[in-house]
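Given next are the chains, with one letter for each unit.
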Amino acid sequence: MAHQTGISLPVPQQSRYLYYSLNVGAQASELMAALEPIVDGEAVVLGLGKAFVDLLGATRIKVQDAPVYSNAGIAIGAAPFALWIWLRGSDRGDLAHLTLQIQEALGDHAVLEDLIDGFCYQKGKDLTGYIDGTENPEGDEIQRVGFDAIGGSCVAVQKWVHDLGYFTSLSPQEQDAKIGRHKHNNEEFDAPKSAHVIRAAQETYSPEANLLRRSMPWADFSGEGLVFVAFAKEFYAFDAILKRMIGLEDGITDALFTFSRPLTTSFFWCPPMRKGKPDFGVLRGK
Ligand code: HEM
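Here the structure is a predicted model, which is why all the values come from computation and not from measurement.

1. Here we look at the coordination of the iron atom of the ligand
Line of reasoning, step 1. Protein coordination of the iron atom of the ligand rests on one atom only, His 196 (NE2), at 2.1 Å.
Line of reasoning, step 2. As for its position among the elements, His 196 is in helix 8 (residues 196-199).

2. Some words on the pattern of salt bridges
Line of reasoning, step 1. As enumerated under the stated definition, the model contains 10 salt bridges in all.
Line of reasoning, step 2. The shortest N-O distance in the salt bridge between Asp 250 and Arg 199 comes to 2.8 Å. Of this pair, Asp 250 sits in the loop between helix 9 (236-245) and strand 11 (260-270) while Arg 199 sits in helix 8; the two residues are 51 residues apart in sequence, bridging distant segments of the chain.
Line of reasoning, step 3. A relative accessible area of 4% means that Arg 199 is categorised as buried.
Line of reasoning, step 4. A salt bridge links Glu 249 to Arg 244, with the nearest nitrogen and oxygen atoms 2.8 Å apart.

3. Examining the site of the ligand
Line of reasoning, step 1. Neighbouring residues of the ligand: 27 residues in total, closest Gly 133, Glu 135, His 196, Gln 202 and Arg 213.
Line of reasoning, step 2. Backbone polar atom of Gly 133 to an oxygen atom of the ligand: 2.5 Å apart, as the coordinates give it.
Line of reasoning, step 3. A distance of 3.1 Å is found between an oxygen atom of the ligand and a backbone nitrogen or oxygen belonging to Thr 134.
Line of reasoning, step 4. Elements that contribute at least two residues to the shell around the ligand include exactly strand 7 (153-162), helix 8, strand 10 (223-232) and helix 9.
Line of reasoning, step 5. Per-element tally for the shell around the ligand: the top contributor is helix 9, with 4 residues.
Line of reasoning, step 6. A per-class count over the shell around the ligand returns 15 nonpolar, 7 polar and 5 charged.

Conventions adopted
Residues numbered from 1 in each chain as written. Predicted model: local features only at pLDDT ≥ 70, side-chain atom pairs only at ≥ 80, totals over all residues. Heavy atoms only, no water. Donors = N, O, S within 2.8 Å, 3.2 Å for Na, K, Ca; no water. Helix = DSSP H or I, 4+ residues; strand = E, 2+ residues; numbered from the N terminus. Salt bridge = Lys/Arg side-chain N within 4 Å of Asp/Glu carboxyl O. Buried < 20%, exposed > 50% of the residue type's maximum accessible area, 1.4 Å probe, protein only. Near = heavy atom within 4 Å. Polar contact = N/O pair within 3.5 Å; in protein donor to acceptor, adjacent residues only side chain to side chain. Nonpolar A, V, L, I, M, F, W, Y, C, P; charged D, E, K, R; others polar.

Laid out in structure tokens, this is it:
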């Protein structure tokens, strides 16, 4: 089965994330017909939320809503959107025009609830200046980690808001201790248990919690941060890591939370492609 190649490719220069809910009276058949010519899986990646999958009457694929977690003063909500469309390109103008086409095609069936523009910073760094994605799978591992048996992929998306004023006020050593890598050479060191890469170390979970991360920074009038985007064959890895990050396992919270916070979590399932179109048939076992 062909997967959506935009997921396995490196992040583009520019991204736009569109989040839709269903309008009253939305028809599954008309939504699928509208999405088929738009979603090529590479420049336009599609994720389906539980509401859309339920509307289709899908029996074979179950998509769950994202969990709500809170601990130690950290509260992470869930935003259950019906559709997530990830536009990937190099020119923001092209993504703006594509957005208009998509809006027109979806018509009254879906309501655009949120739009986030993401960008590539210094060839793949988070705005804190740390390279993001070093421990991502490569080569054949991408298929194994990122996709299920039919070429679908479960994606968790979180918009994080950073306090960069605070973060940049810290010394280089203090910053490195929060991430668990040296910013100047990207090397790991004997970091505190709260350091992000110690909390998230994929091989320390049982079973291993492997993710294919494709996050990108965002910045607008409201602030700046990271659109965290992680694909996997199931939601287990994201869920396990997030729980440990907020201290639900051993009471130690991830140092990321001292300078950043996720607004909400959304879960989607990205269908495989068939003859250049999203394969909605697999949802009903066709
Ligand atoms: C503000 C949000 C976040 C930032 C800035 C961030 C940044 C980073 C950085 C700089 C690294 C080290 C380099 C690398 O391997 O990519 C890293 C590693 C990692 N992050 Fe995050 N991250 C964030 C949120 C998350 C979340 C929410 C999860 C999962 C629930 C996560 C999972 C991981 C994993 C699995 C690794 C690799 C750990 C390993 O196996 O060594 N991150 N992150």
